[in-house]
Amino acid sequence: MFATNSGTKSMNRKILNIVVNGESHQVLIEPHWTLLQVLRNEIGMMGTKENCLEAECGVCTVLLDGKAINSCILLAGQVEGCSITTIEGIGDPEHLHPLQEAFIECGAVQCGYCIPGMILTAKSFLDENPGCRPSRDEIREAIAGTLCRCTGYRKIIDAVATAADRIALSGAKQ
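The rules behind each value
- Residues numbered from 1 in each chain as written.
- Predicted model: local features only at pLDDT ≥ 70, side-chain atom pairs only at ≥ 80, totals over all residues.
- Heavy atoms only, no water.
- Axes fitted to C-alpha atoms, helices over the stretch in contact; angles between N-to-C directions.
- Helix = DSSP H or I, 4+ residues; strand = E, 2+ residues; numbered from the N terminus.
- Parallel < 35°, antiparallel > 145°, perpendicular 65-115°, else oblique.
- Left-handed = near helix turned anticlockwise from the far one by under 90°.
- Contact = heavy atoms within 4.5 Å.
- Nonpolar A, V, L, I, M, F, W, Y, C, P; charged D, E, K, R; others polar.
- Buried < 20%, exposed > 50% of the residue type's maximum accessible area, 1.4 Å probe, protein only.

(A) Structural detail: the packing of helix 3 (residues 115-128) against helix 5 (residues 153-170). Direction vectors running N to C along helix 3 and helix 5 enclose 40°, while the axes themselves pass 11 Å from each other. Put simply, helix 3 runs oblique to helix 5. In terms of crossing hand, the pair formed by helix 3 and helix 5 is right-handed. Taking contact as the criterion, the partners of Met118, Ala122 and Leu126 in helix 3 are, on helix 5, Tyr153, Ile156, Val160, Ala164 and Ile167. Looking at the contact of helix 3 with helix 5, its residues break down into 8 nonpolar, no polar and no charged.

(B) Quick look at unusual backbone geometry. Despite not being glycine, leucine 53 has its phi angle at roughly 60°, a positive value. Inspection of the secondary structure puts leucine 53 in the loop between helix 1 (35-42) and strand 4 (61-64). The class for leucine 53 is partly exposed, based on a relative accessible area of 44%. For aspartate 65, which is not glycine, the phi dihedral falls at a positive 50°. Relative to the helices and strands, aspartate 65 is located in the loop between strand 4 and strand 5 (67-70).

Structure, rendered in structure tokens:
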């Protein structure tokens with residue numbers, strides 16, 4: 001897939017090759033564009049949210065080669081050849097990821113704006129600690145970089161703990 005932004009012209013554009021949710025993309029980018037801009041404006045991954053643009057709130061979190069990163073401060077040119085996972089890439093309505101199921105079951109979604117970042121941050125944490133059944137303090141520390149403006153952290157922590165238990169019992173990396 002090749003995408004262009006026809007709104008501006010520049011001699012400095014370059015082609016970026018990335019894999020997003022398992023699909024290869026070639027995108028013509030400006031050197032100053034962030035990964036967040038490319039994901040939302042060029043590839044159409046609207047589940048990745050935009051807010052502070054300073055890596056303070058975490059709502060723009062995606063997985064870069066499996067690790068949680070803030071896409072709002074990472075230049076797109078730095079991810080050449082990398083694999084990106086957005087919230088759209090970890091489940092679908094018929095086959096939710098255990099974290100998505102647990103967030104729904106625990107009522108951990110209030111306004112919902114932070115939830116993609118929360119789930120991807122939690123996924124990175126659980127993937128880095130396979131088989132782990134983290135304590136509430138460990139979960140709280142793991143998700144500390146993603147802010148919930150509704151202040152509903154208790155149910156979010158319940159959801160991550162529930163998903164961690166299920167993933168540990170299944171013995172499979174999710």
